[in-house]
Structure formats: structure tokens, C-alpha cells
Amino acid sequence: MKLRSFLIVAILASAGCKPAFNAGAFPSSEALYDAGVKEFNARRWENAIRAFERLTTELSPRDPRIATAYYYLARAQDKHGDHLLAAKSFSRIYELMPQDSLADNGLFESGIQYFKMWHKPVLDAEYGQDAITQFQTLESVYPDSPLAERADEQLKKLDQWFATKDYETGYHYLKRKAYDSAIIYFKDVIRLHPNAPKTRDAYLRLHQAYKAINYKEDMRDLCDAMRKAYPNDREVISTCGPAPAAQASQ
């Protein structure tokens, strides 16, 4: 029994004495790169980060491995939960090597990382705007990229989130009878995000604000726009009534 306990203690002690990963201990960049890939594949994210962080400072900008070093670094940072660092590392591929085959991928993944940090539409939208910048840059600089379509899908999602953010702010003011402020935000939803699902609701709440302060002419013009945008919507028809005969016949 004592021998068994001794062996267990010895095994635990030897495991505890395992040296930490030292990115500076490798004899060459090739050895460090291979070690970094090994640590990444083993899901030892901190070790992989150490390896590829060092490589990004040591490798020449002309070294063909520099882009993949940044890519591995960013992926390891993402897995480790460091999304802001990952976003910046992904972006560095495009910034430093715009002709590299990973440049468009770096922009796309950078946008994804920024989007991950905007947890809810009602929160501060700084990272959401950063995501838009990355996706729009990809579409502009690499229009033939196979990722361009996916970037456009992400931009549509972001458009919906920004529309929701402005709508919720407007609705907040509407409930508190701060009608002028509510009107500004509902108008922004309609003007900036015409295709977002929340835009219909923004029209209806804008009508509600106009009605509360008796803006009859604005209500009439808004109803014309609502009927045109949502001709068969029951709530729009209930709010505004059917289109005038002359208008309906056009």
C-alpha cells in the first residue's frame, strides 16, 4: 500500500515538473512553427499562441509562412476566448499581405470576431461597426472572393441588428412620451435599414408618435409610404385604412 502511494505521488510530481512551453527554446523558426502547429492541433491554445506570437515578430514579411502564422495565432486566440486579439490578428493578414491567398479569409474571420463581441443589439455597437468595416472591405477589395457572398449575408444580419437597436431606442422614448426623440430613431430605422424586419414596426410606431402629437399631415404622408411598402399588411391597413380610390387605381 505504501509503495502504491509512493508511485502515485512520484507520477504526480513528475507531471507537475513538466517544463512550461518555451517559444524561445527552439533552434529555428521551422522547429518553432512545427511545434506551434503541434500545440494547436493538441488544443493547447496558450502554447500555440506563444509560438505563433513569436513567429509573427521573427519571420520576415516575405516569408511564405507569415500569413499562416498570423492565421494560426488568430485561431488559437479565438479558441482561447480572446476575440478582440483574434480580430486584430486576422486583420493583420490583409493589412500586411493584401496579395496573400489568406487575405480575404483574414478579413472575413476578423469581421466574425468583431460580431461575436456585439452580444445584443441594444448594447454598444462599436464592434458591430468594426464588423461592417471588415465585411465591406472584403466585398470591395476582393469582389470575386468565394467569401464575398458569406460576407454579404453577415452584413444583412448586422443591418437587422442596427435596425433593432435604433427601433428599441425609439420605442424606449415612445413609452416615456418623449415623442420628438422617438421620431428621430424611427425615421433612422426607415431611412437607413429599409429592408430590415423591424422597419415595418418602425413605420407603425412612428405613426403612433405622430398621432400622439397630432401631426396630421405627417401621418397622412407616412400612411402613403406604408401602403406602398406594405400593401397587404393587415396592421398597416388597420392603422391607415385602405388607399384612397384614386391612389389605389394607379
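In what follows, the structure referred to is the one given above.
The sections below set out a description of the structure shown in this document. (Residues numbered from 1 in each chain as written. Predicted model: local features only at pLDDT ≥ 70, side-chain atom pairs only at ≥ 80, totals over all residues. Heavy atoms only, no water.)

Points about the nonpolar core
Part 1 of the reasoning: Among the nonpolar cores identified, the biggest contains 28 residues, and Phe52 and Leu55 are the most heavily contacted of them.
Part 2 of the reasoning: Of all the elements in the fold, those that place two or more residues in this core are helix 2 (29-41), helix 3 (45-58), helix 4 (66-79) and helix 5 (83-96).
Part 3 of the reasoning: No other element matches helix 4, which puts nine residues into this core.
Part 4 of the reasoning: For Leu55, the residues in contact, after removing those within four places along its chain, are Ser29, Leu32, Tyr33, Ile66 and Ala69.
Part 5 of the reasoning: The next biggest cluster of nonpolar side chains, apart from the first, holds 23 residues, and it includes Ala163, Ala202, Met219 and Met226. (Core = buried A, V, L, I, M, F, W, Y, C linked by side-chain atoms within 4.5 Å. Buried < 20%, exposed > 50% of the residue type's maximum accessible area, 1.4 Å probe, protein only. Helix = DSSP H or I, 4+ residues; strand = E, 2+ residues; numbered from the N terminus. Contact = heavy atoms within 4.5 Å.)

Observations regarding the packing of helix 3 against helix 4
Part 1 of the reasoning: At a minimum axis distance of 9 Å, the contact between helix 3 and helix 4 shows a crossing angle of 150 degrees. With respect to each other, helix 3 and helix 4 are oriented roughly antiparallel. Crossing of helix 3 against helix 4: the hand is left-handed. Packed against helix 3, whose contacting residues are Trp45, Ala48, Ile49, Phe52, Glu53, Leu55 and Thr56, the element helix 4 presents Ile66, Ala69, Tyr70, Tyr72, Leu73, Ala76, Gln77 and Lys79 at the interface.
Part 2 of the reasoning: Among the residues forming the contact of helix 3 with helix 4, the class breakdown is 11 nonpolar, two polar and two charged. (Axes fitted to C-alpha atoms, helices over the stretch in contact; angles between N-to-C directions. Parallel < 35°, antiparallel > 145°, perpendicular 65-115°, else oblique. Left-handed = near helix turned anticlockwise from the far one by under 90°. Nonpolar A, V, L, I, M, F, W, Y, C, P; charged D, E, K, R; others polar.)

Description of helix 7 (residues 126-141)
Part 1 of the reasoning: The first and last C-alpha atoms of helix 7 sit 23 Å apart over 16 residues, in line with the 22 Å expected at 1.5 Å per residue.
Part 2 of the reasoning: Inspection of helix 7 places Gly128, Ala131, Ile132, Gln134, Phe135, Thr137 and Leu138 among the buried residues, and these make up the whole buried set.
Part 3 of the reasoning: Those residues of helix 7 that are buried are in contact with helix 5, helix 6 (103-117) and helix 8 (148-175). (Expected span 1.5 Å × (residues − 1).)

Let's talk about the environment of Val189
Part 1 of the reasoning: Mapped onto the secondary structure, Val189 falls in helix 9 (residues 179-192).
Part 2 of the reasoning: Taking the C-alpha atoms as reference points, Val189 and Phe162, separated by 27 residues in sequence, lie 8.3 Å from one another.
Part 3 of the reasoning: When near neighbours in sequence (up to four residues on either side) are disregarded, Val189 contacts Ala163, Asp166, Tyr167, Pro194, Lys198, Thr199 and Ala202.

A closer look at the packing of aromatic side chains
Part 1 of the reasoning: Considering all chains together, one arrives at 18 aromatic pairs under this definition.
Part 2 of the reasoning: With a centroid separation of 6.3 Å and an interplanar angle of 20 degrees, the aromatic rings of Tyr114 and Tyr127 are classed as stacked. Of this pair, Tyr114 sits in helix 6 while Tyr127 sits in helix 7, and the two are 13 residues apart along the sequence.
Part 3 of the reasoning: Aromatic ring contacts, followed pair by pair, group Tyr33, Phe40, Trp45, Phe52 and Tyr72 into a single cluster. (Phe/Tyr/Trp six-rings, centres within 6.5 Å; stacked < 30°, edge-to-face > 60°.)

Everything listed here is a matter of geometry and, on its own, says nothing about what the molecule does.
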